[in-house]
2 protein chains.
Amino acid sequence: MCEYEALLALEYAATRLRINSIKATNASKSGHPTSCASIAEIMAVLFLKEMRFKPKDPRNPSSDRFVLSKGHAAPVLYAAWAEVGLLSESDLLTLRKLNSDLEGHPTPRLSFVDVATGSLGQGLSNAAGMAYVGKYIDQATYRVYCVVGDGESAEGNIWEALAFSSYYKLDNLVMILDVNRLGQSQPTSLQHDLETYRKRVEAFGWHAQVIDGHDIGAILSAFATARSVKGKPAALICKTYKGAGFPEIENEEDWHGKPLGSKSADVLQHLEAKLRVGPAGDVADTKGRLVPPVPKDDCKPTKLIGCVALPSPPHYKLGEQVATRLAYGNALARLGETCDRVIGLDGDTKNSTFSIKLMEAKPDQFIECFIAEQNLVGIGIGCAVRQRTIPFVSTFAAFLTRAFDQIRMGAVSQTNCNFVGSHAGVSIGEDGPSQMALEDIAMFRTIMGSTVFYPSDAVATERAVELAANTLGICFIRTGRPNCPVIYKSDEHFAVGHGKVVRTSGSTTDQLTIVAAGVTLFEALKAADLLAAENIQVRIIDPFTIKPIDVELLKTAVQETCDQVVTVEDHAPEGGIGDAVDGALSQAGVNHVVHRLAVCEVPRSGTPSELMHKYRIDANAIFLTVKNIMAKH
Amino acid sequence: MCEYEALLALEYAATRLRINSIKATNASKSGHPTSCASIAEIMAVLFLKEMRFKPKDPRNPSSDRFVLSKGHAAPVLYAAWAEVGLLSESDLLTLRKLNSDLEGHPTPRLSFVDVATGSLGQGLSNAAGMAYVGKYIDQATYRVYCVVGDGESAEGNIWEALAFSSYYKLDNLVMILDVNRLGQSQPTSLQHDLETYRKRVEAFGWHAQVIDGHDIGAILSAFATARSVKGKPAALICKTYKGAGFPEIENEEDWHGKPLGSKSADVLQHLEAKLRVGPAGDVADTKGRLVPPVPKDDCKPTKLIGCVALPSPPHYKLGEQVATRLAYGNALARLGETCDRVIGLDGDTKNSTFSIKLMEAKPDQFIECFIAEQNLVGIGIGCAVRQRTIPFVSTFAAFLTRAFDQIRMGAVSQTNCNFVGSHAGVSIGEDGPSQMALEDIAMFRTIMGSTVFYPSDAVATERAVELAANTLGICFIRTGRPNCPVIYKSDEHFAVGHGKVVRTSGSTTDQLTIVAAGVTLFEALKAADLLAAENIQVRIIDPFTIKPIDVELLKTAVQETCDQVVTVEDHAPEGGIGDAVDGALSQAGVNHVVHRLAVCEVPRSGTPSELMHKYRIDANAIFLTVKNIMAKH
């Protein structure tokens, strides 16, 4: 095919993308055809000329990656995969139907989607994570392309990703910024001020080209230039029109997220006319004449989850004082030494979370992401794509709340990324409430399919790291700042959903059950001694995982100890251990009452022990609470 | 005092700020003296020369505002307030002690702190919110100053705030960027590349000056220039050194967040020598010779919370189909018409959340924040400061998760900002999981002191808006996308913590209690009809607020209906209504079992009714669940 024919074929393809986007959204009676139209030419060039991939093997590790950050343009993505033959045109008409994987926004239920998008401003971080892995870990030739909307470029996450990508010289990453001028409810703040976009993107260290996003020749040429850029990522800043090619709709407001309705027939007729050629007006049969270039097969498949193990059991002495955050660092470094695809990411807290242990042991397996938690999480999710790595993302647990939306979307993305939050609760002491995680268990419990570890000592922490590495879905490990004694032997076995009875006087003599984890477990043990001195015997359970929580262990305990449970946690009273235990006992169908000891107000600065006392999660509070319950029952 | 004397006095003040930062962190044995040192000259100039305020009346509405976004430099802030006489030097030595309000990071427990900082990258949004109010709502001459650290400038939130501030031409806002080169665990990504900072800040629409941040003359001059800038906000990009003025520590790594320890005596001796003058080496007694300029009294105090009311009762017909999101818009507009300090903020979803109703009615009371939820929330919190306004911040509830950290910090800030999240749950239908809020109740329940409204019809929603406006602390109102029937009369009374029995056959004949809200309440009502046909009578409770939840109503219900409760919610099973009810019954000390119906996996696209059926929160699922429970009991 000559160059002219190829250009023409791409024009036809762009027109078909528009037509199919209209037809699909008509069929679903909802969706965003005008947001599809602004990138029709861009998508045609990307999928038929620029990207190197195998249409029938969408997750081939050597293929270029594509992320549609502006996920609401999903119909044009699906139409592009119909252009390359993976989907049929009739598939496209199942858009947004219950039994179709062609959802309103792309998810990895589709083989050609690596990360779910739809919550805006996240895709570029995911793409940058993939590009980082491609350049530095896979050291393969695949490239990563990300289409970003102008509206979503208001999200700070985008600028975090831009800064990250230039810092790490990701010259295998291309951002296509679709400046179609119109947001959902009004024009964007910059409208068609392309030069300001250029200045911003260049100031963030990218190569930038401003082009007409509907000019196929210009797009082709810009991608060629982008490919030649070395040492920095490249951006195509595309002037486009929302609803481009739709007469009376193009560049007009109030057309966001709406099928074309009564305008549909006229617009389709207009577009279909563009496909007709020759005097007889035959439909140009160009589909299938352009095929994407094949990738270089320089990246091997990986299978990681379920395959990594600590090189030896944890090695601590019983009673030794070790913070769980330190044990996390130790375990991560040890795991990283056995598997070069176990990686650590941190947001300039590595000397507090102790992820620095991995950096010191295996510097190539560590990514410093600076103080930008949304991007930190997005990069982690990008790194986990196609099981290229097993990422552990760490920062203070409080600051993971910064990325709740990204973590939530990670679940939709079916990510296996692991998260580790240190500095849990008031037991961090003097730094005060801004640094204290009191909502993290609640946050991670709500994440669909998540596993929430709350290991209480160093041995449990090391096993939590090993288990998280091998567990599908999002895992969270909560670690603490203070030193705590080692209570488990090195050969203790841990499993997800299995708690431990760490103190009991026997199944018939325990009078009440206490559930506690981390710092509060040791307070519970102290309280048990005080209670025993008054002839009150308590059972103490260390749950190990808060989700799933050990329903059977709790059920047995509560049935053997008068239906009363005390939970003690360095966390808010909502969403944490108390709620988890209450829920588990309800699930088990046993009558119960859970007495919560938790941090019930905004805390303040002080020493850890002062604060645990003030907020009533220390041994004294447990002792008094149990006495009070026993007096009533 | 001549100009030379004033300069000298500022130099002495800067030295005292350093000395006091060292002494305070020595006394507390923790804290960040080197982060204080880099801004000593900046703080001296700000507090003794540039800012116009009344030291003995820190929250005077006419005074300039100050936000220390890099909150870990708190000791130098406290030392500055000692310079102006509000605190004594002995107060400073109580830093981080349990009984002192001089916490590790600033909080509004101190009269001179408007917003808590310490989770980085948020202060500029708060400052911009205050500046917006100053310029457009108060129309007063006070100015707003914000010190931002270079490390935290990696946070996307900062760039959202920069874009917002230039878009709204906030020429009463000054950012002082402290480029001290060093983060917590390593140098920042840009180190001392001042020109790149300048390019970025200018590209984001600000006036920018790069200066030596330790040169008092340069700082004075730059502030004067900043004051003359019209139509855009101004930035001072200051080259500084971490630990500046501390021999052997200045500009060195590994000194983040550490008192000076063994180096302390030498450093203090070095600094104290700088205060000695004349041949006898007397300590220069310059303290108190400089006093901050007085503000122009052009802004009156306001008292808003507790003082606003809907102009008339909600006006809907029983049975009328109204989405609660629409009722929110109606109520907000009506409230805004009665009080010109009720404002709405949205992130380009105003035509979906219906906050557009306020914009249409009272355009000056509406702030479009574009697609940048972190800044949206930070602006809202800034607008609420000193009760200048009653803000309502709205977007899809799912996207409020983007700002969990900002909302969490809002509680530490004692904010009265209100949040409204629309598009709750799978009942939004075809858009799919990225747009479905399934974690929002859990998130807001964990916020200390929060009130969580989940109104089920239009009347309840209007009253929720009115109550939220008058309630201290963070309020969240969850609204839904689909139309639902109006079930409450216009004169129905609603109160925080008071639920409604919407169906009962009598206290002795109800066999089981169902708690549901929003779309699921109507499913419960349908199920009750099906059950009644099989002679099973259920009580249905609409909780109205999920936090606080009506413990007494639930206790009575569960005691009258066999200890069994069914909760039904368009939310994840964790942290929502189920957990709240379980917790309330535990709190009441009554034995109970809560059967949760909730969305238990990542949902997908489909119609609302298909999805409610698939995820088992519809009438059919409720019917079957109740039948199953009744068969067992």
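Residues numbered from 1 in each chain as written. Chains lettered and ligands numbered in written order. Predicted model: local features only at pLDDT ≥ 70, side-chain atom pairs only at ≥ 80, totals over all residues. Heavy atoms only, no water.

Per an unreviewed UniProt entry, chain A carries the name transketolase and comes from Fasciola hepatica. Word for word, the UniProt comment on chain A under Sequence similarities (unreviewed entry) is "Belongs to the transketolase family." The record in UniProt for chain A states the following under Subunit (unreviewed entry): "Homodimer." (UniProt positions renumbered as here; feature names shortened; annotations may be inferred.)

## A short note on the relation of the copies chain A and chain B
In screw terms, the move from chain A to chain B is a rotation of 180° and a rise of 0.0 Å along the axis, fitting with an RMSD of 0.0 Å. Those values place the two copies in the arrangement expected of a two-fold rotation axis. Minimal C-alpha separation from the rotation axis in chain A is found for Gly156 of chain A, amounting to 1.8 Å. By residue overlap, the copies meet face to face through one surface: 100% of the interface positions of chain A are interface positions in chain B. (Least-squares fit on C-alpha atoms with pLDDT ≥ 70 in both. Contact = heavy atoms within 4.5 Å.)

## Some words on the domain arrangement of chain A
All names here are of chain A. Examined at the domain level, chain A breaks down into domain 1 (3–274), domain 2 (320–486) and domain 3 (500–631). The C-alpha-based centres of domain 1 and domain 2 are spaced at 32 Å. Facing the 32 residues of domain 1 at the interface are 27 residues of domain 2. Both sides of the domain 1 and domain 2 interface together cover about 2300 Å² of buried area, and 56% of this is carbon and sulfur. Put simply, domain 1 and domain 2 have three salt bridges between them. For the salt bridge of Asp138 with Arg341, the shortest nitrogen-to-oxygen distance reads 2.8 Å. There are 13 residue pairs in polar contact (both at pLDDT 80 or more) connecting domain 1 and domain 2. If you list the elements that add at least two residues to the side of domain 1 that touches domain 2, you get α6 (123–137) and α7 (156–167). Classifying every residue of the side of domain 1 that touches domain 2 gives 14 nonpolar, eleven polar and seven charged. (Domains from an automatic or database assignment. Buried area = accessible area lost by both parts, 1.4 Å probe. Salt bridge = Lys/Arg side-chain N within 4 Å of Asp/Glu carboxyl O. Polar contact = N/O pair within 3.5 Å; in protein donor to acceptor, adjacent residues only side chain to side chain. Helix = DSSP H or I, 4+ residues; strand = E, 2+ residues; numbered from the N terminus. Nonpolar A, V, L, I, M, F, W, Y, C, P; charged D, E, K, R; others polar.)

## Notes on the packing of helix α14 (residues 373–384) of chain A against helix α16 (residues 404–412) of chain A
Each packed pair of helices is defined by two parameters, the angle between the axes and the distance between the axes. Residues and elements named next belong to chain A. Between α14 and α16, whose axes approach to 8 Å, the crossing angle comes to 15°. In this view, α14 runs roughly parallel relative to α16, as classed from their interaxial angle. Once α14 is placed against α16, the crossing between them reads as right-handed. Here α14 contributes Gln374, Val377 and Ile381 to the contact with α16, which in turn contributes Gln406, Ile407 and Gly410. Among the residues forming the contact of α14 with α16, the class breakdown is three nonpolar, three polar and no charged. (Axes fitted to C-alpha atoms, helices over the stretch in contact; angles between N-to-C directions. Parallel < 35°, antiparallel > 145°, perpendicular 65-115°, else oblique. Left-handed = near helix turned anticlockwise from the far one by under 90°.)

## Some words on the sheet that holds strand β10 (residues 366–368) of chain B
Residues and elements named next belong to chain B. Overall, mixed pairing links the seven strands, which are arranged β10-β9-β11-β12-β14-β13-β19 in an open sheet. Each of the sheet's edge strands pairs with one partner strand only, and the pair in question is β10 and β19 (545–547). For this sheet, the mean inter-axis angle between neighbouring strands, taken without regard to orientation, is 20°. In the sheet, strand β12 (residues 418–422) pairs with strand β14 (residues 475–478) via four bridges, with the strands oriented parallel. Looking across to β14, one finds that Asn418 is bridged to Cys475. (Pairing = 2+ DSSP bridges.)

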